[in-house]
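Below, each chain spelled out in residue letters.
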Amino acid sequence: MGETIDFGAELADFRSRVAELQSARSLPSEERGAALDTALFELQHVADILWPRFEKLSAASARDGTPRENPELRLLRGLFQRLPLPVVLMDRTTVVRRLNVAAGELFALRAGYATGRALTGALAHDTRAAFRSQVAAVARGEGSRSLLVRRLPEPAPEGGGSALRASLTALRPPDEQRPAVFAVFQTVPAGEAEREPRRVPGRAADRTGSTRLPAPPPRLPRPDLAEVSRNAELMDLVDDMAAALLAASPGSPEDVLGRAARLLHGRFADWVIADLAPVPGDGGTPGPLRRLVVLGPDPRPEPGTGPAGQDPADCPLVLDAVRDGVPALRVRPEDPEAFGRDASGAAVLVSARVTSLLCVPLCPPPREGQAPAPGTAAPSGALTLFRTGGRRAFEMAEAGAVHRMARHLSLALGRAAGRDAAPAGPASPA
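Attention in this report is confined to the structure presented alongside it. (Residues numbered from 1 in each chain as written. Predicted model: local features only at pLDDT ≥ 70, side-chain atom pairs only at ≥ 80, totals over all residues. Heavy atoms only, no water.)

This part is about the sheet that holds strand 5 (residues 180–187). Taken in spatial order, the five strands of this open sheet run 2-1-5-4-3, and their pairing is antiparallel. Edge positions in the sheet fall to strand 2 (96–99) and strand 3 (145–150), since each has one partner strand and no second. Between one strand and the next, the sheet's axes are offset by a mean angle of 25°, whatever the strand orientation. Where strand 1 (residues 87–90) meets strand 2, three bridges bridge the pair, whose relative direction is antiparallel. Bridge pairing links Leu-89 to Arg-98 in strand 2. The strands touched by helix 3 (residues 71–82) within the sheet are strand 1, strand 2 and strand 5, with strand 2 carrying the most contacts at an inclination of about 80°. Sheet strands in contact with helix 6 (residues 125–139) are strand 1, strand 3, strand 4 (163–171) and strand 5, and its direction is about 160° off that of strand 3. (Pairing = 2+ DSSP bridges. Helix = DSSP H or I, 4+ residues; strand = E, 2+ residues; numbered from the N terminus. Axes fitted to C-alpha atoms, helices over the stretch in contact; angles between N-to-C directions. Contact = heavy atoms within 4.5 Å.)

Next comes the structure, spelled out in structure tokens:
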């Protein structure tokens, strides 16, 4: 049974690797050598490993085998031991039944020594009673709970035990009448441990007659400097975009898009692609989408390949953005054809090695209380940004900033279209 499951898993992995090799057809011809070597290696793996194992399993399926250990139980036992978090299985009195490797390292206990002993012996004295009480409550079926405990002080110059967050839940092992308690321990930072309210036993304080002091105010968490820096960079980028669009004189839509693309290229994205459906000179309905701006990394792709050699009408993401007016954020896109194919037939996302992308619509909103004047329809399009290689993927905050910049760019495009389409008015009287 176990060999059959292993063979099925290995066969499923082989099929997934073959599916990945199929996307190698979109790579340039000079980069297909590694994919060819991989395909030959996979074929040899089938002939030397998978096929003999299949024949062996087929021959063994005809005869009955001796009962073996349940593979599910063996899998669960292995997962329990290899969990990266410290986990302990104990009874209602905190006596350890099992603990994994991470828990043994956390409490400096060996599995053979800890089994049959109470886990409270490894905790600080002031947290033992609370931990024992909460474990008993979970074992009685009163629901899962969490509490803060501390280990015994370690033999270090600074002293003091580290704080741990213990999450407790009840488990019903098979063929047993009494439930067990499953505990997961996580290290708590010092700042969070100080903010945790401590329960002072009120009866003891009343008997001694001491005055109970008010609890200190909670300490606010410190801001993440990296996140603050990224937000400041986004604000600078939005400000630079608005300044560039306002400072320049209104030009053609190509000039406006080129000015915005040069600001974003390299600084914010590896690829900047702008598609626009311009308005005819006499006004009317915008024409078909055209790819006006494509800025990418060096070396540039061959003519007719890459995003520059693609018809925007064959790009699903661009068409959805123009039709629905909704931005799209894709991180590690699973569909290699989400951005369509170029003129050579290669998937754009594969040939450009895209790891994340943003596609936002370019459609200036109508002014409040005013209908668009005849003959001054604004062009519609989409702005697409790619990040490739090891660069950090786009985040939601960056998507929001790009959406704001797209609105500014749409207003600039509408102004340029209105200037080009506006008829010459009569001369003002002297």
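Let's pick the thread back up.
What follows deals with the pairing of strand 9 (residues 354–362). Of all nine residues in strand 9, eight are buried; the element is thus mostly enclosed. By the bridge criterion, four bridges tie strand 8 (residues 328–331) to strand 9 in an arrangement that is antiparallel. Across the sheet, residue Leu-329 finds its bridge partner in strand 9, namely Leu-358. Both strand 9 and strand 10 (residues 380–388) contribute to a ladder of eight bridges, which runs antiparallel. Bridge pairing in strand 10 links Leu-358 to Leu-385. (Buried < 20%, exposed > 50% of the residue type's maximum accessible area, 1.4 Å probe, protein only.)

Before going further, it helps to examine the sheet that holds strand 8. Strand order in this open sheet of five strands is 7-6-10-9-8, and the pairing throughout is antiparallel. Single-partner strands in this sheet number two, and they are strand 7 (290–295) and strand 8. Within the sheet, the average angular offset between the axes of one strand and its neighbour, ignoring direction, is 10°. Taken together, the five bridges between strand 6 (residues 271–277) and strand 7 define a ladder with antiparallel strand orientation. Residue pairing in the sheet places Asp-275 in a bridge with Arg-291 of strand 7. Relative to strand 7, helix 10 (residues 253–264) is tilted by about 30°, and along the sheet it contacts strand 6, strand 7, strand 9 and strand 10. Across the face of the sheet, helix 11 (residues 316–324) comes into contact with strand 6, strand 7, strand 8, strand 9 and strand 10 while running at roughly 135° to strand 10.

Moving on: a nonpolar patch on the surface. A grouping of Leu-73, Leu-75, Leu-76 and Leu-79 is seen on the molecular surface, where their side chains present a nonpolar patch of about 390 Å² in accessible area. With respect to the secondary-structure elements, Leu-79 resides in helix 3. Residue classification places Leu-79 among the partly exposed positions, given a relative accessible area of 49%. (Patch = residues over 30% accessible without salt bridge, like charges linked within 9 Å, V, L, I, M, F, W, Y side chains within 5 Å. Areas by Shrake-Rupley, 256 points an atom, 1.4 Å probe, with all protein chains shown as cover. Salt bridge = Lys/Arg side-chain N within 4 Å of Asp/Glu carboxyl O.)

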